[in-house]
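Architecture at a glance
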Amino acid sequence: MTISPVVRTAYRTCPLCEAGCGLEIGLDATEQVVRIRGDMDDVFSHGYICPKGSTLKQIHEDPDRLRKPLIKKNGKHVEVSWDEAWEAVRDGFAKVIEKHGRSSLAVYLGNPGAHNLGAMMFNKTVVQSLGSFNRFSASTVDQMPKHVAAGFMFGTPVTIPVPDLDHTDYLLLLGSNPYASNGSVCTAPDFPGRLEAIRTRGGKVVVVDPRRTRTADEADEWISIRPGTDGLFLAAIINVLYADGLVDVGDHVRSNVSGVDELGAELATFTPELVELATGISATVTRRIAHELAAAPTAAVNGRIGVNTVLFGSVNAWLIDAINTLTGNLDKRGGAMFALPATGGPNTRGTSGTGNGFRTGRGASRVRKYPEVLGEFPVATLAEEITTPGNGQIRGFITLAGNPALSTPNSDALDGALSELDFMVSVDIYLNETSRHADVVLPPPSQLQRDHYDLLLLQFAVRNVANYSEQVLLIDEGQPDEWEILAKLGGVLQTLDTNIEPSVIDDIAIDALVQGAIKTSSSNVYGRDAQDIIQQLNATGRRGPARMLDFMLQTGPYGAGFGTITDGLSLQKLLDNPHGVDLGELEPRIPEILRTTTGMVELCPSEFRADLARLFDSINEVDETQMLLIGRRHLKTNNSWMHNINVLTKGNVHCTLQVHPDDARRLGLSDGSNARVTSRVGTIDAPVEVTESIRRGVVSLPHGWGHDVQGTLMRVAAKKAGVNSNVLTDSEALDPLSGTSALNAIPVVVLSLD
Ligand SMILES: Nc1nc2c(c(=O)[nH]1)N[C@H]1C(S)=C(S)[C@@H](COP(=O)(O)OP(=O)(O)OC[C@H]3O[C@@H](n4cnc5c(=O)[nH]c(N)nc54)[C@H](O)[C@@H]3O)O[C@H]1N2
Ligand SMILES: Nc1nc2c(c(=O)[nH]1)N[C@H]1C(S)=C(S)[C@@H](COP(=O)(O)OP(=O)(O)OC[C@H]3O[C@@H](n4cnc5c(=O)[nH]c(N)nc54)[C@H](O)[C@@H]3O)O[C@H]1N2
Ligand code: SF4
Ligand SMILES: [Mo]
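Residues numbered from 1 in each chain as written. Chains lettered and ligands numbered in written order. Predicted model: local features only at pLDDT ≥ 70, side-chain atom pairs only at ≥ 80, totals over all residues. Heavy atoms only, no water.

**Let's talk about the site of ligand 1**
Put simply, the rule is: When we say a residue is near a molecule or strand, we mean one of its heavy atoms is within 4 Å of it. Two N or O atoms count as a polar contact when they lie within 3.5 Å, although within protein this holds only if one can serve as hydrogen donor and the other as acceptor, and sequence-adjacent residues are included solely when both atoms are side-chain atoms. Each accessible area is a Shrake-Rupley estimate made with a 1.4 Å probe; only the visible protein chains count as cover when residues are assessed. Throughout, the ten residues Ala, Val, Leu, Ile, Met, Phe, Trp, Tyr, Cys and Pro are labelled nonpolar, Asp, Glu, Lys and Arg are labelled charged, and all others, Gly among them, are labelled polar. An automatic or database domain assignment is the source of the domain bounds shown.
The environment of ligand 1 is made up of 31 residues, and the closest members are Asn111, Asp428, Asn432, Arg450 and Ser640. Between ligand 1 and asparagine 111, the relevant distance is 2.6 Å, taken from an oxygen atom to a main-chain nitrogen or oxygen of the residue. Here an oxygen atom of ligand 1 sits 2.5 Å away from a polar atom, N or O, in the side chain of aspartate 428. Taking 910 Å² as the accessible area of ligand 1 by itself, protein coverage stands at 98%. For the shell around ligand 1, the class distribution of residues is 13 nonpolar, 13 polar and five charged. The residue makeup of the shell around ligand 1 includes at least three contributed by each of domain 2 (70-138 + 378-584) and domain 4 (623-752).

Given below as structure tokens:
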């Protein structure tokens, strides 16, 4: 096979995970992608790429990727024109609204929307057009605890500190495996390289995980913990900090932190000796880690999925940042710092240093009465909201870039519930386990066919950068862009009329943004003429998300302010710098960043304090003989949706149940044999992989598999289907403060099938 020569090179930020690597994309004379490699000149990723990054070509070319809308006719999906699809959307929603009212509508927002400029700008149009409070998202199987901790401690849910990886001397990482995931709520392309650099400069990396992951292997120390008990370990570290006189928040934030004494009193009983049986970590180790954190010139503690998606997700997130604060590492170079994103955000707007604070519970889910968090209900309650009769029962449902049928707990129940809906629409690139239930599927163009800016994740970056990517390939004839689909979907929901134009909704949206800013005293366009600004924006010819982004960049912390600030940022400046603009290292932001009502870092908020009794009681609930299920990720997977890409799954990527050799012996399991795993809610059969790398008493299954259901079109994935681990996770098991599901530490019984 001859490879055609590259005649054009395009640069693009990879949208597949949070690392946001710069890609260099070579195209031939016919505009076919010839190769994708890391962009050596990218200001943040410097050429780093993982095996998924180069598969944007394969996703684009995947014959199973949807290119036409689908309508379900007599139980089968058939391709239709966009006009026909929109009419079906209108008619479907009109019927549901007429019969059950708008409170019967609901939406689920999935993970890829967080990496999609069009979705970041226009998902809210759909959400706001529902006329119901039924909003669910992947956040409640993910990072919601971090938002809750940030909200109560610092005043906004996005004021989440990240470990200053490039300067720290000591990193304590809990429940995260960046060698596979490339990190999360901590944007750091080449996370593994940055970890190695800590060690190269003489620092120390400690990983807390029930599994000896690649990250644990490469670290100085692996601490094996019993799943679900990190809160006890963290509380015991804090206990030692107080008991041994090691608490020192540091001069730089001393006058901005409240609750130091209260926290010490609250955790006075959580001694390392008391929790050691439960956590499986000896008191000696806990004491040593506390002392090391206090003694290190700089240190940062960080935790992700393994400590967020457990019963104590929010308490864990809080205790982690409490340790960062108590050891003097909050907002300090090499400690836990805050990004200053180019597009601004809730903690750059409003009054500097104080605000309205954060609250949850403005409403509750209908059936189980779970409090609202960030305008959402826990996705673990979705199935019951569909199946339980009564006023407000969900009958009409939309998924936007989500696959909850595989990604959320007790998924057999959800799968059944989805099949009972009166009407469902999915905006998705595949006909998969979720969208197969949709009456109408609306496919957006491929990742290479749209522009990109990581609006969300650059708020959590370990360095301040900004990169904008133009679309690499033209959109197919007649294919709307994703933002246009979302804007129109919102419009049709509002008006039940298909004549609504996305451009009209876009104009209304930009007008609202501009009008809001000129009335905000902290904005750099305060008091300016709205028409003048809109004319300047329109003069570029840009519309949609790119125009909004330009506005946000120009009015952001580094912004050009529409001609008032020389050398300031604008979209044009990013276009002139296709490898990105480096805005420098993270700088201290306290007190300016705080938006709590008191203007303080709240170290001991009452909401968390109230949850400590539950944490304390969990000490006695630990049962040595109980097998616990945890998840895992593989470098070549991306949640549930990239298993159709043959180059990724053809190798050693398998959906196996990892079992420790001692457990395997006891249970009569061997490598390649079949095990039956049963939890309170479900049963699955999976092939066994015996490995020393997992803690005794713990088994691990990856999530996002189980592609052998009828009515999908993912032919590659179906051949290597795997099993759906979320059949086992329990929709009753959640972190009460954030509504986030416990996807780890699931009690299971394992039997041999051979
Ligand atoms: N047991 C267990 N379960 C888990 C986890 C775990 O660790 N263990 N992790 C959880 C986490 S962290 C997450 S984020 C969730 C993810 O949960 P989801 O977001 O529900 O699931 P994904 O697998 O990311 O599915 C994304 C969907 O978007 C579609 N898609 C991909 N790109 C695009 C696009 O550009 N536009 C549109 N419109 N659609 C697109 C895909 O086809 C797919 O249907 O899973 C969670 N589930
Ligand atoms: N290749 C790849 N990359 C991805 C994804 C993917 O699916 N594949 N998904 C992306 C998404 S949406 C996200 S949110 C991020 C997640 O990024 P990470 O948070 O790094 O996720 P994982 O790799 O699942 O690592 C979680 C770790 O927690 C451990 N763990 C389980 N239970 C416990 C516990 O009770 N305590 C402790 N201390 N550890 C525990 C697991 O063994 C596992 O090693 O990854 C992103 N990147
Ligand atoms: S690490 Fe993430 S952003 Fe970087 S190339 Fe891989 S998938 Fe893309
Ligand atoms: Mo996630």
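**A short note on the pattern of salt bridges**
Opposite charge on two side chains permits pairing when their charged atoms draw close. For clarity, the cut-off: Salt bridge criterion: a side-chain nitrogen from Lys or Arg within 4 Å of a carboxyl oxygen from Asp or Glu.
For the coordinates displayed, the defined rule picks out 44 salt bridges. A network of salt bridges, in which partner residues are shared, links Lys204, Glu221, Arg288 and Glu292.

**So, the pairing of strand β4 (residues 70-73)**
Using the following cut-off: Any two strands between which DSSP finds at least two bridges are classified as paired. Strands here mean DSSP runs of E at least two residues long; helices mean DSSP runs of H or I at least four residues long; both are numbered from the N terminus.
Note that β4 and strand β5 (residues 76-79) share four bridges and pair antiparallel. If you follow isoleucine 71 over to β5, its bridge partner there is valine 78. Here β4 hands over to β5 after two residues, with asparagine 74 in that stretch at a positive phi of 50°. The sheet contact formed by β4 and strand β17 (residues 440-442) spans two bridges and is antiparallel.

**Comments concerning the domain arrangement of the protein chain**
The line we're drawing: In this description, buried area is defined as the sum, over both parts, of the accessible area (probe of 1.4 Å) that is lost when the two are combined.
As far as domains go, the protein chain holds domain 1 (8-61), domain 2 (70-138 + 378-584), domain 3 (164-343 + 590-614) and domain 4 (623-752). Of note, the centres of domain 1 and domain 3, computed from C-alpha atoms alone, are 34 Å apart. The three residues of domain 1 that bury the most area against domain 3 are Glu18, Phe44 and Tyr48, which together make up 67% of that side's buried surface. Run the count over domain 1 and domain 3 and you get zero salt bridges. Seen at the junction of domain 1 and domain 3, the total is five residue pairs in polar contact (both at pLDDT 80 or more). Looking at the side of domain 1 that touches domain 3, its residues break down into six nonpolar, one polar and two charged.

**Digging into the environment of leucine 586**
We count it as follows: Any two residues having at least one pair of non-hydrogen atoms within 4.5 Å are treated as being in contact.
Topologically, leucine 586 is positioned in the loop between β19 (581-585) and β20 (601-602). Through-space distance from the C-alpha of leucine 586 to that of aspartate 166 is 10.0 Å; in sequence the pair is 420 residues apart. Not counting residues up to four positions away in its chain, the partners in contact with leucine 586 are Val162, Arg333, Met337, Phe338, Ala339, Ala461, Val462, Arg463 and Asn464.

**Quick look at the sheet that holds strand β2 (residues 22-27)**
Rule in force here: To define axes, lines are fitted to C-alpha atoms, for helices over the stretch in contact only, and angles between the resulting N-to-C directions are given on a 0 to 180 degree scale.
Overall, antiparallel pairing links the three strands, which are arranged β1-β2-β3 in an open sheet. For this open sheet the edge positions go to β1 (8-13) and β3 (33-38), each flanked by a neighbour on one side alone. Here the strands of the sheet are splayed against their neighbours by 25° on average, with no regard to which way each runs. Relative to β2, β1 is paired through six bridges, and the arrangement is antiparallel.

**What to know about helix α11 (residues 283-295)**
Just so we agree on the cut-off: One less than the number of residues in a helix, times 1.5 Å, gives the span that helix is expected to have. Throughout this description, buried means an accessible area under 20% of the type-specific maximum (1.4 Å probe, protein chains only), exposed means over 50%, and partly exposed covers the range between.
Along its 13 residues, α11 runs 18 Å from first to last C-alpha, staying within 8% of the 18 Å computed at 1.5 Å per residue. Where α11 is concerned, the buried positions are Ala283, Thr286, Ile289, Ala290, Glu292 and Leu293.

**Thoughts on unusual backbone geometry**
One can expect most non-glycine residues to show negative phi and most peptide bonds to be in trans. Looking along the chain, the bond that leaves isoleucine 590 and enters proline 591 is cis, with omega of 15°. Although it is not a glycine, phenylalanine 562 sits at a positive phi angle of roughly 50°. Within the element layout of this structure, phenylalanine 562 appears in the loop between α20 (544-554) and α21 (571-576). By relative accessible area, phenylalanine 562 is classed as buried at 3%.

**A short note on the pairing of strand β21 (residues 627-630)**
The alternating pattern of β21 places Met627 and Leu629 and Leu628 and Ile630 on opposite faces, both of which are buried. Two strands pair when backbone bridges link them, and β21 and strand β28 (residues 746-752) are joined in this way by three bridges, in the antiparallel orientation. Of the residues in β28, the one forming a bridge with leucine 628 is proline 747. Looking at chain direction, β21 and strand β25 (residues 698-700) are connected through three bridges and run parallel.

**Digging into the site of ligand 2**
Around ligand 2, the structure places 30 residues, and the nearest of them are Ser181, Asp209, Asp230, Thr637 and Asn639. Contact between ligand 2 and arginine 633: an oxygen atom at 2.9 Å from a side-chain N or O atom of the residue. Within the contact set of ligand 2, an oxygen atom lies 2.7 Å away from a backbone nitrogen or oxygen of asparagine 639. When ligand 2 is considered free in solution it has 920 Å² of accessible area, and contact with the protein chains removes 98% of it. For the shell around ligand 2, the element with the highest residue contribution is helix α12 (residues 305-308), accounting for three residues. Across the shell around ligand 2, the residue classes break down as nine nonpolar, 14 polar and seven charged. Viewed by domain, the shell around ligand 2 spans two of them, domain 3 (164-343 + 590-614) and domain 4 (623-752), each represented by three or more residues.

**So, the confidence of the model for the protein chain**
Heads up, the condition is: Scored between 0 and 100, pLDDT is the confidence that the predictor attaches to each residue.
Taken as a whole, the protein chain shows an average pLDDT of 97; of its residues, 100% reach a score of 70 or greater. Mean pLDDT per element in the protein chain: helix α24 (residues 646-649) is the minimum at 94, and strand β10 (residues 204-208) is the maximum at 99.

**Quick notes on the sheet that holds strand β6 (residues 105-109)**
In spatial order, the strands read β5-β4-β17-β16-β15-β6-β7; together these seven strands make up an open sheet with mixed pairing. Of all strands in the sheet, those bounded by a partner on one side alone are β5 and β7 (135-137). The sheet shows a mean angle of 20° between the axes of neighbouring strands, direction not considered. Note that strand β15 (residues 396-400) and strand β16 (residues 423-427) share five bridges and pair parallel.

**Observations regarding the packing of aromatic side chains**
Keep this limit in mind: Two aromatic rings, drawn from Phe, Tyr or Trp (for Trp, its six-membered ring), form a pair once their centres lie within 6.5 Å of each other, and the interplanar angle then sorts them: stacked below 30 degrees, edge-to-face above 60, tilted otherwise.
Within the structure shown, the criterion is met by 10 aromatic pairs. Judged by centre distance (5.2 Å) and plane angle (80°), the rings of phenylalanine 154 and phenylalanine 338 are edge-to-face. Of the two residues, phenylalanine 154 sits in helix α4 (residues 144-154) while phenylalanine 338 sits in the loop between β14 (336-337) and α14 (382-387), which places them 184 residues apart along the sequence. Taken as a pair, phenylalanine 154 and phenylalanine 338 share a single burial class, namely buried. Taken together, a centroid distance of 5.0 Å and an interplanar angle of 10° make the contact between tryptophan 318 and phenylalanine 608 stacked. Within this pair, whereas tryptophan 318 is found in helix α13 (residues 313-326), its partner phenylalanine 608 is found in helix α22 (residues 606-609), the two being separated by 290 residues in sequence. Both residues of the pair, tryptophan 318 and phenylalanine 608, count as buried. Taken together, the aromatic side chains of Phe152, Trp318, Phe358 and Phe608 make up a single cluster linked through ring pairs.

**Quick notes on the packing of helix α18 (residues 502-518) against helix α19 (residues 530-539)**
How two helices sit against one another is set out by the angle between their axes and by the gap between those axes. Here is the rule we go by: An angle below 35 degrees is treated as roughly parallel, one above 145 as roughly antiparallel, one from 65 to 115 as roughly perpendicular, and anything else as oblique. Definitions for this section: a left-handed crossing has its near helix turned counterclockwise from the far helix by less than a right angle. A right-handed crossing has that turn clockwise.
α19 packs onto α18 with a crossing angle of 135° between their chain directions and a minimal axis gap of 10 Å. By the angle between their directions, the pair α18 and α19 is classed as oblique. At the point where α18 passes α19, the crossing takes the right-handed sense. Two secondary-structure elements touch here, α18 through Ile510, Asp511, Val514, Gln515 and Ile518 and α19 through Ala530, Ile533, Ile534 and Leu537.

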